[in-house]
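Each chain, letter by letter, is given below.
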Amino acid sequence: MPAHSEEQRNEYLEQAIRLAIRNVSDGGGPFGAVVVTPDGAVHEGVNRVTLDNDPTAHAEVVAIRRAAADTANFDLTGSVLYASCEPCPLCLSATLWARIGNVYYAADRHGAARAGFDDALFYEYFAGTRPELLPVEHTPLTASDSPFEAWRNYAGRVDY
């Protein structure tokens with residue numbers, strides 16, 4: 001799929017913003033996203049964290065899930081993500097796992113913080129400056145690599 005023109009990018013971003021605004025009146029968070037797959041199909045997502053009691057139901061993740069389901073493929077190479085706001089670390093990670101090639105966003109993390117959505121601590125955690133937020137400790141066991149051995153030996157695996 002050729003790169004989207006500036007006009008197309010703006011249209012998709014405006015669509016994400018409209019989704020976010022409508023989602024507020026529907027009881028969800030003020031975030032919207034669209035994934036445009038290489039075939040030109042548009043897959044929408046809105047923030048459903050409070051509606052579904054799912055802390056991972058961010059608009060970008062919902063749009064990625066829909067795009068993967070609609071295309072019957074977890075690999076969204078060649079797709080583009082458009083978000084009403086700068087994607088948080090969770091959404092960036094999901095975007096990387098989906099192999100999406102480009103991300104465009106409208107509002108930034110500072111605007112989100114002013115509205116009460118401050119993920120600055122998460123950025124600090126991943127930068128290594130706030131490890132106390134979530135202590136993670138490696139605890140190796142004799143069987144630690146057994147799942148990987150099972151995976152390597154499973155002839156029906158689908159690599160990703």
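Not measured: the values here are computed from a predicted model.

A. Fine view of the UniProt feature "domain: CMP/dCMP-type deaminase" (unreviewed entry) in the chain. The sites that UniProt annotates as "domain: CMP/dCMP-type deaminase" (unreviewed entry) are residues 7-120. In the segment residues 7-120, helix accounts for 46% and strand for 19%; the C-alpha atoms at its two ends are 31 Å apart.

B. Quick peek at the pairing of strand 1 (residues 32-36). Burial runs high along strand 1: 5 of the 5 residues are buried. On strand 1, burial covers both faces: Gly 32, Val 34 and Val 36 on one face and Ala 33 and Val 35 on the other are all buried. With 5 bridges connecting them, strand 1 and strand 2 (residues 42-46) associate as antiparallel partners. Directly across from Val 36, in strand 2, lies its bridge partner Val 42. As consecutive antiparallel partners, strand 1 and strand 2 are separated by 5 residues, and within that stretch Gly 40 has a phi angle of approximately 90 degrees, a positive value.

C. Just the pairing of strand 4 (residues 102-107), in detail. Bridge count for strand 3 (residues 80-85) against strand 4 is 5 bridges, and the pairing is parallel. Bridging from a neighbouring strand, Tyr 82 pairs with Tyr 104 of strand 4. Considered for its hand, the β-α-β crossover made up of strand 3, helix 4 (residues 89-97) and strand 4 is right-handed.

Cut-offs and rules
Sequence order sets the numbering: in each chain, residues are counted from 1 along the sequence as written. For a predicted model such as this one, the threshold for reporting local features is a pLDDT of at least 70, and the threshold for listing and counting side-chain atom pairs is 80 or more; totals across whole chains, interfaces and linings nevertheless cover every residue. Working from all heavy atoms in the structure, the side-chain values ignore hydrogens and water. UniProt positions are given in the numbering used here, feature names are shortened, and annotations may be inferred rather than shown by experiment. A run of DSSP states H or I qualifies as a helix once it reaches four residues; a run of E qualifies as a strand once it reaches two. Both are numbered from the N-terminal end. Exposed residues in this analysis have more than 50% of their type's maximum accessible area, buried residues have under 20%, and partly exposed residues fall in between, with area computed by a 1.4 Å probe over protein chains only. By this definition, two strands are paired if DSSP reports at least two bridges between them. A clockwise path from the first strand over the helix to the second, with the strands pointing away from the viewer, defines a right-handed crossover.

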